[in-house]
Amino acid sequence: MENVKTKLLDNGIRVIVKRMEGLLSVTMGVLVGAGSAYETDQEDGISHFLEHMQFKGTDKRTAFEISDAFDALGAQVNAFTGKDVTCYYAKATVDHAAEAFGLLADLFLNSRFPEEELERERGVVLEEINMDEDSPEDLCLDLLSRAAFGGDNYGRNILGPAENVKRFAREDLFRYRDELYAPENVVVSFAGNISVETALKLTEEYFGKMKPTGFRKREKRVKFLSGRQFKKKPIEQAHFAVGFPAAPRDNESVPAVQVMNAVLGGGMSSRLFKRVREELGLAYSVYSYPSHYEETGLLTVYAGVNPQKAREAAQAVKSVIEDFKKRGATEEEFLRGREQAKSGSVFSQENTSSQMLLYGKQMLYKNEVYDFEKRMSEISALTLDDIGRAISENYDFTRAAVATVGNLDEGIEL
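Residues numbered from 1 in each chain as written. Predicted model: local features only at pLDDT ≥ 70, side-chain atom pairs only at ≥ 80, totals over all residues. Heavy atoms only, no water.

1. Section: helix α7 (residues 170-180)
Listing the buried residues of α7 in full gives Asp172, Leu173, Phe174, Tyr176, Arg177 and Leu180. Buried residues along α7 sit against β3 (25-32), α1 (46-53), α3 (97-109), α4 (115-133) and α6 (162-167). (Buried < 20%, exposed > 50% of the residue type's maximum accessible area, 1.4 Å probe, protein only. Helix = DSSP H or I, 4+ residues; strand = E, 2+ residues; numbered from the N terminus. Contact = heavy atoms within 4.5 Å.)

2. Here we look at the sheet that holds strand β7 (residues 228-232)
Adjacent strands of a sheet form backbone hydrogen bonds with each other and so pair up, either parallel or antiparallel. Strand order in the open sheet formed by five strands is β7-β11-β8-β10-β9, with mixed pairing between adjacent strands. Strands at the two margins of the open sheet, each flanked by one partner only, are β7 and β9 (283-292). Neighbour to neighbour, the strand axes of the sheet diverge by 10° on average, direction disregarded. Across five bridges, the pairing between β7 and strand β11 (residues 401-406) is parallel. Following the sheet pairing, Phe230 is matched in β11 by Thr404. Packed onto the sheet, helix α10 (residues 271-279) meets β9 and β10 (297-305) and runs at close to 155° relative to β9. (Pairing = 2+ DSSP bridges. Axes fitted to C-alpha atoms, helices over the stretch in contact; angles between N-to-C directions.)

3. A look at the packing of aromatic side chains
This structure, assessed with the given rule, holds 21 aromatic pairs. Centroid distance Phe101 to Phe190: 5.1 Å. Interplanar angle 35°. Geometry classified as tilted. Of this pair, Phe101 sits in helix α3 while Phe190 is found in strand β6 (residues 186-192), placing the two residues 89 residues apart along the sequence. The class for Phe101 is buried, based on a relative accessible area of 0%. Ring centres of Phe108 and Tyr181 lie 5.4 Å apart, and the angle between their planes is 20°; this geometry places the pair in the stacked category. One end of the pair, Phe108, is in helix α3; the other, Tyr181, is in the loop between α7 and β6, with 73 residues separating them in the sequence. Taking the relative accessible area as the measure of exposure, Phe108 reaches 2% and is therefore buried. Clustering of aromatic rings is evident, with ring pairs tying together Phe55, Tyr88, Phe101, Phe108, Tyr181, Phe190, Tyr206 and Phe207. Here the guanidinium or amino end of Arg249 rests over the ring plane of Tyr365, the centre of that ring lying 3.6 Å away. (Phe/Tyr/Trp six-rings, centres within 6.5 Å; stacked < 30°, edge-to-face > 60°. Lys NZ or Arg CZ within 6 Å of the ring centre and 35° of its normal.)

4. Looking at the nonpolar core
Core analysis: the largest hydrophobic core is formed by 55 residues, its most contacted members being Met28, Phe70, Phe190 and Phe207. Looking at which element gives the most residues to this core, the answer is α3, with eight residues. Discounting residues that sit within four places of it in the chain, Phe190 has contacts with Val15, Ile16, Val17, Lys18, Thr27, Met28, Phe101, Ala199 and Thr203. Ala256, Ala310, Ala341 and Ile379 belong to the second largest nonpolar core, which has 43 residues in total. (Core = buried A, V, L, I, M, F, W, Y, C linked by side-chain atoms within 4.5 Å.)

5. As for the sheet that holds strand β2 (residues 14-19)
In spatial order, the strands read β1-β2-β6-β3-β5-β4; together these six strands make up an open sheet with mixed pairing. Looking along the sheet, the strands with just one partner apiece sit at the ends: β1 (4-8) and β4 (76-81). Geometrically, the sheet is characterised by an average inter-axis angle of 15° between neighbouring strands, direction not taken into account. In the sheet, β1 pairs with β2 via five bridges, with the strands oriented antiparallel. Along β2, the bridge assignment pairs Lys7 with Val15.

See the structure below:
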């Protein structure tokens, strides 16, 4: 992969550069192996709160001066917290890439968490928690994670409970950052029209002074619980989701699982969409998707339905899955799903933000370079028998976790 280069800095930071010539922009990201799956009960929500606070002022700049400086360059900056990764990223035109990276490095390395900003941002995050409560689809999927994994690791809500957010102090943020934002747990990823020499020079200049800490990765206690979660809310729709245990991200069956999912619930031609929405008219939104983590995975099926027809819709979803399990996919469905998987990988190759994240995550999770050609050959080599095997190994209702949100007397059972 001559257009991808990597380097390990002396302090343990990994750098990966995906050169995309012919473009006029570059996306730069700093990825950390921190997220809700690594938190303790006392820390629940701190990864996300810390991500917010990183933007609130450094030794050199106030919160406003940070955003103003990015705007002056015409650059975009943002961040997100996941279950097992936190990412800070900026996108800039080629001529302003160095300046934008300097700003990104400043907010990542030198944030001071001013007390007045801490109190202000605490209110912002509490409103984000309220917003999540008012988004029943998001709430339902959060509850499904808890039903599947309990209150630990992948079962944690990324935002955390309000009571934790209310009591987090500056010292808590510094302590957590000092442990997890260690150079050995950081990947700097570039994707776009930037030379390898420039990218490596910028990373060394800004990140080379970080001191290695002898970082040790926190252990996660992961167990699939097949639980039930229900939240009664006076809303117009009922929302339910069912989750099945699935393969971890390193498992060789993952490409087959992704094609299998495309057939079941990945689009408007999928089994679930055609049957539950188009033929029966029981749902506006119905879909499925796989999540693959280090130790495990989750196959999620979600539907938003009329409360009076919630149980009818749930039975329709179940019957589609049972029929899928019994009869498998047709040759036509398999070929269509395989093309969807291939095109999704191709489309992402043309987006600098997608590439920054894809290559950065692969380096963070597996300490290796993402291999696009290998990925395409794995998908192309799939057969209908591979999909049939994946179907037979998944969707076991005796192990399913279920979550329900809506104006019902009790949760959905499948």
